[in-house]
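Residues per chain are reported as follows:
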Amino acid sequence: MADDQTRSSPRFILLFPVLALLFQAGCSDLQLNYYSKSCPKAEEIVKEEVMKLYEKHGNTAVSWVRNLFHDCMESCDASLLLETANGIVSEKTSQRSFGMRNFKYVNTIKQALETQCPMTVSCADIVALSAREGVVMLGGPHIAMKTGRRDARESHVAVINDFIPNHNDSMSLVLSRFQSIGIDAEGTVALLVGRVHCVNLVDRLYPNVDPTLNPNYSEYLKGRCQSPQPDPEAVIYARNDRETPMILDNMYYKNLLSHKGLLLVDQQLVSDPVTLPFVEKMASDNGYFHDQFSRALLLLSENNPLAGDQGEIRKDCRFVN
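Residues numbered from 1 in each chain as written. Predicted model: local features only at pLDDT ≥ 70, side-chain atom pairs only at ≥ 80, totals over all residues. Heavy atoms only, no water.

Peer 1: Before we go on, may I ask you to explain helix 5 (residues 123–137) in this structure?
Peer 2: Structural remark: α-helix, 3.6 residues per turn; residues separated by three or four positions point the same way. The terminal C-alpha atoms of helix 5 lie 21 Å apart, and with 15 residues this matches the ideal 21 Å at 1.5 Å per residue to within 8%. Across the 15 residues that make up helix 5, a large majority, 13, are buried. Directly after helix 5, the chain includes Gly 139, whose backbone phi takes a positive value near 90°. (Helix = DSSP H or I, 4+ residues; strand = E, 2+ residues; numbered from the N terminus. Expected span 1.5 Å × (residues − 1). Buried < 20%, exposed > 50% of the residue type's maximum accessible area, 1.4 Å probe, protein only.)

Peer 1: Looking at this model, I keep getting lost on the state of the cysteines. Mind explaining?
Peer 2: A covalent bond between the sulfur atoms of two cysteines is referred to as a disulfide. As enumerated under the stated definition, the model contains three disulfides in all. Here Cys 39 connects covalently by a disulfide to Cys 117, the sulfurs 2.1 Å from one another. Handedness of the Cys 39-Cys 117 disulfide follows from its S-S torsion of about 80°: it is right-handed. Here the residue Cys 39 occupies a position in the loop between helix 1 (10–27) and helix 2 (42–57), and Cys 117 occupies one in the loop between helix 4 (104–116) and helix 5, the gap between them amounting to 78 residues. Take Cys 117: its relative accessible area is 8%, and that puts it in the buried class. There is a disulfide in this structure between Cys 72 and Cys 76, and the S-S distance comes to 2.0 Å. A torsion of 135° about the S-S bond marks the disulfide between Cys 72 and Cys 76 as right-handed. Of the two residues, Cys 72 and Cys 76, both sit in the buried class. (Disulfide = S-S within 2.5 Å.)

Peer 1: Is there a simple way to explain the packing of aromatic side chains in this structure?
Peer 2: Any aromatic ring pair is given by two values, namely how distant the centres are and how the planes are angled relative to each other. Following the criterion strictly, the structure yields five aromatic pairs and no others. Here the aromatic rings of Tyr 34 and Tyr 35 are separated by 5.0 Å at their centres, their planes lie at 90°, and the arrangement is edge-to-face. By relative accessible area, which is 36% here, Tyr 34 ends up partly exposed. Taking 5.3 Å as the distance between ring centres and 55° as the angle between the ring planes, the aromatic pair formed by Tyr 253 and Phe 289 counts as tilted. On the criterion of sequence distance, the pair formed by Tyr 253 in helix 9 (residues 251–257) and Phe 289 in helix 12 (residues 286–301) is long-range, its members being 36 residues apart. Each member of the pair, Tyr 253 together with Phe 289, is buried. Taken together through their ring pairs, the aromatic side chains of Tyr 252, Tyr 253, Phe 289 and Phe 293 make up a single cluster. Between Lys 92 and the ring centre of Phe 103, over which it is positioned, the NZ or CZ distance is 4.5 Å. The ring of Tyr 288 carries the charged tip of Lys 281 above its face, separated from the ring centre by 4.5 Å. (Phe/Tyr/Trp six-rings, centres within 6.5 Å; stacked < 30°, edge-to-face > 60°. Lys NZ or Arg CZ within 6 Å of the ring centre and 35° of its normal.)

Peer 1: Even after reading the chapter, I still don't get the confidence of the model for the protein, so can you show me in this structure?
Peer 2: As a general rule, the predicted coordinates of low-pLDDT regions are not to be interpreted in detail. Averaged over all residues, the pLDDT of the protein is 85; the fraction at 70 or higher stands at 85%. In the predicted structure, residues 1–26 sits below a pLDDT of 50 and forms 59 contacts with residues beyond four places in sequence or in another chain. (pLDDT = per-residue confidence, 0-100. Contact = heavy atoms within 4.5 Å.)

Peer 1: Just checking my understanding: could you explain helix 4 for this structure?
Peer 2: Along helix 4, the positions that sit buried rather than exposed are Tyr 105, Val 106, Asn 107, Ile 109, Lys 110, Leu 113 and Glu 114. Taken together, the buried residues of helix 4 touch helix 2, helix 3 (61–72) and helix 5.

Peer 1: Would you take a moment to explain the nonpolar core for this structure?
Peer 2: Buried together is how nonpolar side chains tend to be arranged in soluble globular proteins. If you look at the biggest cluster of nonpolar residues, it comprises 82 residues, and the most contacted ones within it are Tyr 253, Phe 293, Leu 297 and Leu 300. Among the domains, domain 1 (41–163) and domain 2 (171–297) are the pair contributing at least three residues each to this core. When sequence neighbours within four positions are dropped, the list of residues in contact with Leu 297 reads Leu 68, Val 135, Ile 143, Met 145 and Leu 191. (Core = buried A, V, L, I, M, F, W, Y, C linked by side-chain atoms within 4.5 Å. Domains from an automatic or database assignment.)

Here it is in structure tokens:
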């Protein structure tokens, strides 16, 4: 997903048992209402701040969901938020983080929490809880998320390309990457919703239009992305869903069945026999989509977190203490 305000590989099969053990071990230290004694209003404060930011700055809700996706594909530890400083190279410098914005507002939420409960609520939990509230603001279901994550003291910039799928990856590779963190094909299909910067889709439009694209839709895309070499710094996005663009619903899947996938990986969801049945079911049943999205996002939010005495609680989400 991108914000409206900017508005099977043997390697992964071998990694799966190791990551599964990490996933299970980390999750055991998370719990519902973790801050009930140390900061009773923590989750309420996050909700209030997310709502205020949404009202003041337009749609920041999608940013919160995307933050969770990018942070938790490797480890839910707020490593994504670290700036380049003191020997740390920020994950934001990676091409996998292209187009992400609104990081500064995470610290707005953090400051509100620090006023109420100094050095208590982790930035990693802010990433998770703000994503939960963002989903609700986009018309999705409320997800009961566990908390108790702690913050990393290092960046994972050197390895995130191995975990976060690329828009040109094959569907089998995308599925294997999600499977390595415990998310099945059904959950993967539910998570692959959104819109993208023109940089990532012009190869389907120029010099020739991808014949798998719906002709009317390709004309819309060319209207949005008028150059085969778009400025990566410009705010030039195209939507998959023009009917209900800022609502988390199943329109994305209906569009895929009409050959209106933005990226190659989008259209592969329809052409791959493993994923097609889930696309068809989600297109016909919005409740089923919401159920699978909630399940997959919850699994993602509990992937390999730091907990217990690991890591730290950052005072400023941008820097280690």
